[in-house]
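The primary structure of each chain is shown beneath.
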Amino acid sequence: MEESDAQRKMEKENLGPRMDPPIGEPEGSLGWVLPNTAMKKKVLLMGKSGSGKTSMRSIIFANYIARDTRRLGATILDRLHSLQINSSLSTFSLVDSVGNTKTFDVEHSHVRFLGNLVLNLWDCGGQDTFMENYFTSQRDNIFRNVEVLIYVFDVESRELEKDMHYYQSCLEAILQNSPDAKIFCLVHKMDLVQEDQRDLIFKEREEDLRRLSRPLECSCFRTSIWDETLYKAWSSIVYQLIPNVQQLEMNLRNFAEIIEADEVLLFERATFLVISHYQCKEQRDAHRFEKISNIIKQFKLSCSKLAASFQSMEVRNSNFAAFIDIFTSNTYVMVVMSDPSIPSAATLINIRNARKHFEKLERVDGPKQCLLMC
Amino acid sequence: MANMDSDSRHLLIPEVDSEINPGPMNIQFDSSDLRSKRPFYIEPTNIVNVNNVIQRVSDHASAMNKRIHYYSRLTTPADKALIAPDHVVPAPGECYVYSPLGSAYKLQSYTEGHGKNTSLVTIFMIWNTMMGTSILSIPWGIKQAGFTTGLCVIMLMGILTLYCGYRVVKSRAMIPSVDTTTWEYPDVCRYYFGSFGQWSSLLFSLVSLIGAMIVYWVLMSNFLFNTGKFIFNFIHHINETDAVLSTNDSNPVICPSAGSGGHPDNGSMIFYANDTGLQQFEKWWNKSKTVPLYLVGLLLPLLNFKSPSFFSRFNILGTVSVLYLIFLVTLKAIRLGFHLEFHWFMQTEYFVPEIRFQFPQLTGVLTLAFFIHNCIITLLKNNKNQENNVRDLSLAYMLVTLTYLYIGVLVFASFPSPPLTKDCIEQNFLDNFPSSDILSFIARIFLLFQMMTVYPLLGYLARVQLLGHIFGDIYPSIFHVLILNLIIVGAGVIMACFYPNIGGIIRYSGAACGLAFVFIYPSLIYIISLHQEDRLTWPKLIFHIFIIILGLANLIVQFFM
């Protein structure tokens, strides 16, 4: 219980300027306006209320979910029922009288995702007229500058028609405002389906979604927070978002061969999703990426309790040595060496030198260079 | 990618030590707590000699382990969103418990009831909960129905309510795809009937609670009055010669209602020519005018406590009282002997016919006497061997039926009929013994103390249910609670003053709340769930509709008797 109190206290201290809703505004229009987000590119995470977006975000980004449903209920706030600011992502959560949470992002999002992307989370479809009006009136604002749209479908939903309808209206908005956005559909909560039927059901849904999304292209994944599919889906999404990922992989391979590492992994910085990896021999544990990611995220949560931030880690025993360190501005690297006779300092120097080359690669317009070590 | 699904079946390789007794956990958890406290630990893998060690933990298990640990850090313990659901965690049969000595034994497979109670304890708890004050009205009920009819009715009602109780217990299992481990019967009603189901089950549950509390008040005033009278007479060495009809021997049995023309009231007329002190006492210690009010001063403060857990320690008094009543009845029967005559349809001067048309009064009383349906699920949850639930329930019902039959038959049969008529049997059979009788004095004292300790518990239950649903808070403020308590106590006082017929109160409230919980809901829910599974056949439908009609008839006919 103490950790949650400490967490909440820390979140309170990070609170930005609180935005009060103006009193007396007519129903359906929101007095405070979404600030100009024209500069930053967005990742929209959308889906029906209750489809699992908040849990998903919390798991991938290692955010503490603070679900506080105490009612405030007075004057204009009666409209909004209850307002709560989750400061780590600066989302407003509205909790209505039935207990459903509707979340939407305002700017000040502190999570930088792959450099310049900002995560916005929207509940889409199925709410009361207040949210409908707000959504429609702010539609252009919401869908402008979108880099990625991730739409979450609950596989157990009984209102398939409605879900598809809302999905299509989001696609229309995307077509109008950000036609270059990449679209991913996640069929979520697959653990609730019988194992032998999962492939069948997913294929059905995938076909429907592909058909509905034309002329836009969408990639579909089936996910569940209780197995490795969520991590793999998000890793695939991140993989597709990296501009020159093949080149990155080639250079990573060269790097690994040069320093004689057993395995080298490249993680995205905020989420520890594996962007690419190179291994020189067959590894036994197929789940190791997700496990490492969970372990480090858990460690980061512990560090944040002490207001410390995780930077690097070295794990060593008589059989191997592993190094996790900041690599470029958007990535972490993990190097696993199975020759314990190589001293740590040597590997760390290698990593440091490689860093400069990979930084250049990250800058999109940088000249193509091969990795050479003297 | 390596093939990981094949080893998801068995997490660990067992090393079973056959000498260790695989007893289940000794700590009793609430089921909802259990899910959040469920430990998911795997032993640390030895990674020094990776290639030599036999794989003891599968990759799937260790990945799930990390996942669950990580998720548990993301929310508060109260938030159920990221708690592993049952279908992703290995079944209890696949879990092993490690002892520090390095060997492991398999947990006995347990389902929802992680209980530690043996069958005997469960049966006793059900019996104890069902034995209430309606035991005092059973002889009167037999008298109202006629001896033979009464016995048949008792046995048939026992079987009927047992069947309905069986339906209640099985109702959760028929709900598909929802986790019902923490559900009680009102939750099942809400699932099938929406908020109407929830509100109506709350209402009927309150009817039974408040009915019980009113009965308690009447009885407590009665017992307090008699106790006070006994003590007063004992101190002042008064030998009472009641004006009421009584047998003239060493084991007096009185007929209090004979003097006032068959209409029972609580006045007893004692005339003493020259004793003003006694007249004063008589004025200030009156069964229907003053004693109920004295109780207010005693019990109203107790009702306002936030948590009555102090009173639940006296639970044993209930069992002791019932056992003492059995002993008392046996002793009286031995001393008084049996007086039974069988006249089938005619009412004679001293006996009642064997078959009477007032038998619905007995069914009304029995509906409350056999009522346990709103908490049977909770009681059976703690049974160690869940597969014996039905058997244990049946045994408990049989035991309860036997107890009621024993007391009813003995009191009825041993009632001294030649001087008195069987019609004299009071709604509270202790009223048939004068207040000077020492054995019944002890019984009254036991029951008085027991009721005084159960009354705050009943008040707490009523408060939790009513205030919890209306205000969302079980203790909104002292004023809400005080007003509620005043209403309940006021109802009790009014009944004690003007209508102290516990038989009547029991049969009305029993038939009303039994209508919902015993007859209508279990049958209706069974019919609906069968219909949803397309397994409904005409015989089953007709049989259960017949039960519902019986319940309705039971309630309606109470008002005509």
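Residues numbered from 1 in each chain as written. Chains lettered and ligands numbered in written order. Predicted model: local features only at pLDDT ≥ 70, side-chain atom pairs only at ≥ 80, totals over all residues. Heavy atoms only, no water.

Taking an unreviewed UniProt entry as the reference, chain B is identified by name as Neutral amino acid transporter 9 belonging to Suricata suricatta. Taken from UniProt, the Sequence similarities (unreviewed entry) comment for chain B reads in full: "Belongs to the amino acid/polyamine transporter 2 family. SLC38A9 subfamily." (UniProt positions renumbered as here; feature names shortened; annotations may be inferred.)

Per an unreviewed UniProt entry, chain A goes by the name Ras-related GTP-binding protein and belongs to Suricata suricatta. The heading Catalytic activity (unreviewed entry) in the UniProt record of chain A holds the text "GTP + H2O = GDP + phosphate + H(+)".

This part covers the overall build of chain B. Looking only at helices and strands, chain B has 16 helices and four strands in total. Each of the 561 residues in chain B was classed as buried or not, and the buried ones make up 51%. By sequence separation, contacts in chain B at least 24 residues apart represent 80% of the contacts at least 6 residues apart. Of the roughly 26,800 Å² of accessible surface on chain B, a fraction of 66% belongs to carbon and sulfur atoms. (Helix = DSSP H or I, 4+ residues; strand = E, 2+ residues; numbered from the N terminus. Buried < 20%, exposed > 50% of the residue type's maximum accessible area, 1.4 Å probe, protein only. Contact = heavy atoms within 4.5 Å. Areas by Shrake-Rupley, 256 points an atom, 1.4 Å probe, with all protein chains shown as cover.)

What follows covers the side chain of B:Q361. When you line up the elements, B:Q361 lands in helix α10 (residues 359-369). Ignoring sequence-local partners within four residues, the contact set of B:Q361 consists of B:W140, B:Q144, B:R507, B:Q558 and B:M561.

All right, on to the nonpolar core then. Counting residues in each nonpolar core, the largest one holds 120 residues, and the members touching the most others are B:M220, B:L325, B:L430 and B:Y455. Counting 74 residues, the second-largest nonpolar core is a separate cluster that includes A:M56, A:I225, A:F255 and A:I342. (Core = buried A, V, L, I, M, F, W, Y, C linked by side-chain atoms within 4.5 Å.)

All names here are of chain A. On the basis of which strands lie adjacent, the open sheet formed by five strands has the order β11-β10-β14-β13-β12 and antiparallel pairing. In this open sheet, the two edge strands, each paired with only one partner strand, are β11 (274-279) and β12 (313-316). Neighbour-to-neighbour, the strand axes of this sheet turn through a mean angle of 10°, independent of strand direction. In terms of strand pairing, β12 meets strand β13 (residues 321-326) through four bridges, oriented antiparallel. Bridge pairing links V315 to A322 in β13. Where helix α9 (residues 245-259) meets the sheet, its contacts fall on β10 (263-268), β11 and β14 (331-337), and the angle it forms with β11 comes to roughly 40°. Where helix α10 (residues 288-305) meets the sheet, its contacts fall on β10, β11, β12, β13 and β14, and the angle it forms with β10 comes to roughly 55°. (Pairing = 2+ DSSP bridges. Axes fitted to C-alpha atoms, helices over the stretch in contact; angles between N-to-C directions.)

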